[in-house]
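Below, each chain spelled out in residue letters.
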Amino acid sequence: TQLLEQSPQFLSIQEGENLTVYCNSSSVFSSLQWYRQEPGEGPVLLVTVVTGGEVKKLKRLTFQFGDARKDSSLHITAAQPGDTGLYLCAGGKGTASKLTFGTGTRLQVTL
Amino acid sequence: EAQVTQNPRYLITVTGKKLTVTCSQNMNHEYMSWYRQDPGLGLRQIYYSMNVEVTDKGDVPEGYKVSRKEKRNFPLILESPSPNQTSLYFCASSWGQGGQPQHFGDGTRLSIL
C-alpha cells in the first residue's frame, strides 16, 4: 500500500510558468521531506518541514506542510530548465525505522 | 566532502552469479539503508541498519542479504540474482533514526540476464 500519493505524476511546462506538486496521505507524519533527483544521481534533500502549517522557501521553491501534517505541497515560481527532475516527498514518523516515499513527480521545463 | 559511495555504478550479469554492491559513508552516520527504484513503484526499502551489527528487513527483502560489520560500510549481497532484481539501487545514510533526512549515493544500475 502506497501511503504517500503524489500528483501529478508527470508535468511538462515552459520556462517561466508556475506549478504546484502535491503530496497526500491518510497518515500523520512527524516530518515531511522533499527531494529532487536528477538522471544518474541519487535523490538530494531540498527541505524538511516538521510543524503543521509550516511554510519554507528555497529561492523560487515554496514548501508547505498541511495543518494536520498529512499532506504537503511544493510550489515553483517561474520555472527554469534547471528545475527539471524527479521530485519526491517522503514522510517520517519520529523514531520509525524508515521514511515512506511517494511515487514522485517528474517535471520537465523547456525553453 | 560528505558522501555516500556505491560501487559498481553499473553491472550486467547473469542469473545465479553471486554479486555484492558496496556502500560506504564518511559522515559517521548510525543509520544506513538500501532501496530499489523501479518505474511506477518509487523507492522501496530493502534492508536497513540502525548501527553496527544491527540490521533488519525493509519492505522488499527477499533475495537480498546485508551486513554491517563497520559503521561506515553496508554492502548489499545478492546470493543468486534473478531477472526480477534488475533495478536501480540506492544506498542511503542518516544520523539517528530512519525517519531523518537521508543522504543518498549516486545509485547502482543492475541488469540480471
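Overview of the structure. A quick note: this is a predicted structure, and the numbers were derived from the prediction, not measured. (Residues numbered from 1 in each chain as written. Chains lettered and ligands numbered in written order. Predicted model: local features only at pLDDT ≥ 70, side-chain atom pairs only at ≥ 80, totals over all residues. Heavy atoms only, no water.)

**Here's the deal with the state of the cysteines**
Residue and element names in this part refer to chain B.
Here's step 1: Following the criterion strictly, the structure yields two disulfides over all chains and no others.
Here's step 2: The partner cysteine of Cys-23 in its disulfide is Cys-91, sulfur to sulfur 1.9 Å. Judged by the sign of its S-S torsion, about -75°, the cystine formed by Cys-23 and Cys-91 is left-handed. One end of the pair, Cys-23, is in strand E3 (residues 19-25); the other, Cys-91, is in strand E9 (residues 87-94), with 68 residues separating them in the sequence. (Disulfide = S-S within 2.5 Å. Helix = DSSP H or I, 4+ residues; strand = E, 2+ residues; numbered from the N terminus.)

**Description of the side chain of Ser-93 of chain B**
Residues and elements named next belong to chain B.
Here's step 1: Within the secondary structure layout, Ser-93 lies in strand E9.
Here's step 2: Engagement of the side chain of Ser-93 in a polar contact is seen with the side chain of His-29, the distance being 2.7 Å.
Here's step 3: Beyond its immediate chain neighbours, meaning those up to four positions away, Ser-93 contacts Val-4, Gln-25, Met-27, His-29, Tyr-31, Met-32, Pro-101, Gln-102 and His-103. (Polar contact = N/O pair within 3.5 Å; in protein donor to acceptor, adjacent residues only side chain to side chain. Contact = heavy atoms within 4.5 Å.)

**Considering the interface of chain B and chain A**
Here's step 1: At the interface, 23 residues of chain B touch 22 residues of chain A.
Here's step 2: The junction of chain B with chain A conceals about 1,500 Å² of combined surface from both sides, 53% of it contributed by carbon and sulfur atoms.
Here's step 3: Here chain B and chain A share zero salt bridges between them.
Here's step 4: For the pair chain B and chain A, the number of links is three residue pairs in polar contact (both at pLDDT 80 or more).
Here's step 5: Sorting the residues of the side of chain B that touches chain A by element identifies strand E4 (31-38), strand E5 (42-51) and E9 of chain B as the ones contributing at least two each.
Here's step 6: At five residues, the largest contribution of residues to the side of chain B that touches chain A is made by E5 of chain B.
Here's step 7: Residue composition of the side of chain B that touches chain A, grouped by class: 10 nonpolar, 10 polar and three charged. (Buried area = accessible area lost by both parts, 1.4 Å probe. Salt bridge = Lys/Arg side-chain N within 4 Å of Asp/Glu carboxyl O. Nonpolar A, V, L, I, M, F, W, Y, C, P; charged D, E, K, R; others polar.)

**Some words on the pattern of salt bridges**
Here's step 1: Taken as a whole and assessed by the stated rule, the structure comprises six salt bridges over all chains.
Here's step 2: For the salt bridge of Arg-60 of chain A with Asp-83 of chain A, the shortest nitrogen-to-oxygen distance reads 2.9 Å. Taken together, the positions of Arg-60 of chain A in the loop between strand E6 (55-58) and strand E7 (61-65) and Asp-83 of chain A in the loop between strand E8 (71-76) and strand E9 (85-92) put the pair 23 residues apart, joining distant regions of the chain.
Here's step 3: Residue class for Asp-83 of chain A comes out buried when judged on its relative accessible area of 3%.
Here's step 4: Note that Asp-38 of chain B is salt-bridged to Arg-36 of chain B, the shortest N-O span being 2.8 Å. Across the pair, exposure class does not vary: Asp-38 of chain B and Arg-36 of chain B are buried alike.
Here's step 5: The network of salt bridges with common partners includes Arg-36, Asp-38 and Arg-44 of chain B. (Buried < 20%, exposed > 50% of the residue type's maximum accessible area, 1.4 Å probe, protein only.)

**Describing the pairing of E4 of chain B**
All names here are of chain B.
Here's step 1: Of all eight residues making up E4, eight are buried, and the element is well covered by its neighbours.
Here's step 2: Neither face of E4 is exposed, since Tyr-31, Ser-33, Tyr-35 and Gln-37 on one face and Met-32, Trp-34, Arg-36 and Asp-38 on the opposite face are all buried.
Here's step 3: Alignment of E4 against E9, held across seven bridges, turns out to be antiparallel. Each residue of the ladder has a partner; that of Trp-34, found in E9, is Cys-91.
Here's step 4: Looking at chain direction, E4 and E5 are connected through seven bridges and run antiparallel. Counterpart to Gln-37 in the pairing with E5 is Leu-43.
Here's step 5: The turn joining E4 and E5, which pair antiparallel and follow one another in sequence, is formed by three residues; a positive phi near 80° is taken by Gly-40. (Pairing = 2+ DSSP bridges.)

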